[in-house]
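Now for the letters of each chain:
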Amino acid sequence: MLRLREDIPLWPGGRMKCCTLSFDDGTVEDVRIAEMLRERGLRATFNLNTGLMGRSDHLEQAGFAVEHKKLPAERIADVYRGFEVAVHGHTHAHVGCVPASMATYEIGRCKAELEELVHAPVRGMAWPINYRERDDARAAAAACGIVYARTTRRTYDCVGLPDDWLAWDAACSYVQPELDVVVEKFLAPLDAAVYREPYLLYVWGHGYEATGRGAWGALERFLDRVSGLDEVWYATNIEVYDYAQAVRGLVYSSTGAYIYNPARIDVWMLIDDTPLCIPSGETVTVEDPTSDGRMAM
């Protein structure tokens with residue numbers, strides 16, 4: 001009898017849900033946000049402009065105005081310790097609307113300067129301003145060693161992984177009214193019978209909006225709702241990317257009876273409604289529950 005098998009990725013520990021966050025621009029509000037995240041065991045990525053560190057200006061946007069104060073370079077390593085820092089352009093230039101040489105400079109210089117501050121490779125990015133990136137800007141990012149780049153587009157959803165990691169669309173910002181609906185969907189109970197794609201809640205924003213929009217309470221309520229859940233894996237953006245690449249790198253035998261994991265991290269899959277761990281560097285055997293022998297695809 002023909003038997004079709006569907007292997008569905010799970011998050012580490014066999015979880016079905018993952019939550020990742022990011023905050024842009026590196027303003028002084030990030031000090032408080034980082035502490036809020038640490039208190040709740042949450043993980044996040046902070047996208048910074050190295051050419052603007054320590055500067056301050058008056059920012060006006062639709063509906064509010066705020067002092068836009070950037071953290072100085074000497075505070076970066078301490079404030080963001082334990083989190084991921086990522087590129088947001090050296091001067092926040094719209095790299096999709098400038099010549100390729102300038103895009104390369106904006107991305108490459110920011111990356112190199114961040115690496116000197118945190119003493120570690122930097123591989124992630126958030127596109128400055130809105131996403132309208134030409135192929136040469138994307139090529140510049142990849143050439144600089146950027147493996148993912150978040151956009152400002154919204155999916156208003158929490159299911160599935162990006163088709164294009166250099167155009168990674170988050171669900172929404174923490175100040176948007178649609179957030180509650182997305183979170184409700186994310187928190188709803190799941191079981192193996194209905195699970196077909198990994199759940200990934202990605203919410204982003206600017207720290208200065210918590211001050212300018214009076215949204216500190218809204219941010220705190222959101223963080224309280226999504227934190228401390230055993231069924232959720234909390235990760236930085238780069239941790240999500242690395243895990244997804246490990247899943248993609250699994251090596252299957254011709255029949256699917258054997259799966260080898262060459263990655264440095266364990267990978268979990270849902271196979272026949274049963275969570276299965278494929279440990280780093282090991283090969284596992286997948287048994288066919290419908291017979292006494294090994295599984296055939």
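Structure's up top.
Below or above, wherever it landed, is the structure these notes cover. Owing to the predicted nature of the structure, the values given are computational and were not obtained by experimental measurement.

A few points about the sheet that holds strand β14 (residues 258-260)
Then, in step 1: Pairing in this open sheet of three strands is antiparallel, and the strands run β13-β14-β17 from one edge to the other. Taken across any chain shown, the strands that pair with only one partner, and hence form the sheet edges, are β13 (251-252) and β17 (283-285).
Then, in step 2: Judged from the three bridges that link them, β14 and β17 form a sheet pairing that is antiparallel. Each residue of the ladder has a partner; that of I259, found in β17, is V284.

Focus: unusual backbone geometry
Then, in step 1: The phi dihedral of D25 falls on the positive side, at around 90°, and the residue is not glycine.
Then, in step 2: Along the chain, D25 falls in the loop between β2 (17-24) and α1 (29-40).
Then, in step 3: Relative accessible area serves as the criterion here: at 5%, D25 is assigned to the buried category.
Then, in step 4: Positive phi, close to 55°, is recorded for H119, a residue that is not glycine.
Then, in step 5: Position of H119 relative to the elements: it lies in the loop between α3 (100-118) and β7 (124-126).
Then, in step 6: Among the residues examined, H119 registers a relative accessible area of 69% and is labelled exposed.

With respect to the sheet that holds strand β16 (residues 274-278)
Then, in step 1: Read across the sheet, three strands follow the order β1-β15-β16 without closing on themselves; strand pairing throughout is antiparallel. The sheet is open, and its two borders are formed by β1 (7-10) and β16, each paired with just one other strand. In this sheet, neighbouring strand axes are inclined to one another by 35° on average, regardless of whether the strands run parallel or antiparallel.
Then, in step 2: Strand direction decides the pairing type here: strand β15 (residues 267-271) and β16, joined by five bridges, are antiparallel. Opposite I271, over in β16, you have T274 as the bridge partner.
Then, in step 3: The sheet contacts of helix α8 (residues 237-248) involve β1 and β15, and relative to β15 the element is tilted by about 55°.

Let's talk about the pattern of salt bridges
Then, in step 1: In total, this model carries 18 salt bridges according to the counting rule given.
Then, in step 2: Salt-bridge contacts for K111 lead to E115; the nearest nitrogen and oxygen are separated by 2.6 Å. One end of the pair is K111 and the other is E115, both in helix α3 and four residues apart, which spans about a single turn. Summarising the burial analysis for this pair, K111 and E115 share the class buried.
Then, in step 3: Within the structure, one salt-bridge network assembled from shared partners comprises E39, R40, E220 and D224.

Thoughts on the side chain of D25
Then, in step 1: For D25, which is buried and forms no salt bridge, the nearest opposite charge comes from K70, at a distance of 4.4 Å.
Then, in step 2: There is a polar contact of 3.2 Å between the side chain of D25 and the side chain of H88.
Then, in step 3: For D25, the residues in contact, after removing those within four places along its chain, are N47, N49, H68, K70, H88, H92, H206 and Y208.

What about the pairing of β2?
Then, in step 1: Among the eight residues that make up β2, eight are buried, leaving the element largely enclosed by the rest of the structure.
Then, in step 2: Alternating positions in β2 separate into two faces, K17, C19, L21 and F23 on one and C18, T20, S22 and D24 on the other, with burial throughout.
Then, in step 3: Looking at chain direction, β2 and strand β11 (residues 199-206) are connected through eight bridges and run parallel. Bridge pairing in β11 links F23 to G205.
Then, in step 4: As defined by bridge partners, β2 adjoins strand β12 (residues 232-234) across three bridges and the pair is classed as parallel. Bridged to K17 within β12 is V232.
Then, in step 5: Pairing analysis gives four bridges linking β2 to strand β3 (residues 44-48), with the strands arranged parallel. The partner of D24 across the bridge, within β3, is N47.
Then, in step 6: Where the polypeptide runs from β2 across α1 and back to β3, its parallel neighbour, the crossover connection is right-handed.

Parameters at a glance
Residues numbered from 1 in each chain as written. Predicted model: local features only at pLDDT ≥ 70, side-chain atom pairs only at ≥ 80, totals over all residues. Heavy atoms only, no water. Pairing = 2+ DSSP bridges. Helix = DSSP H or I, 4+ residues; strand = E, 2+ residues; numbered from the N terminus. Buried < 20%, exposed > 50% of the residue type's maximum accessible area, 1.4 Å probe, protein only. Axes fitted to C-alpha atoms, helices over the stretch in contact; angles between N-to-C directions. Contact = heavy atoms within 4.5 Å. Salt bridge = Lys/Arg side-chain N within 4 Å of Asp/Glu carboxyl O. Lys, Arg positive; Asp, Glu negative; His and termini not counted. Polar contact = N/O pair within 3.5 Å; in protein donor to acceptor, adjacent residues only side chain to side chain. Right-handed = clockwise from strand over helix to strand, strands pointing away.

Function cannot be inferred from these measures alone, as they are strictly geometric.
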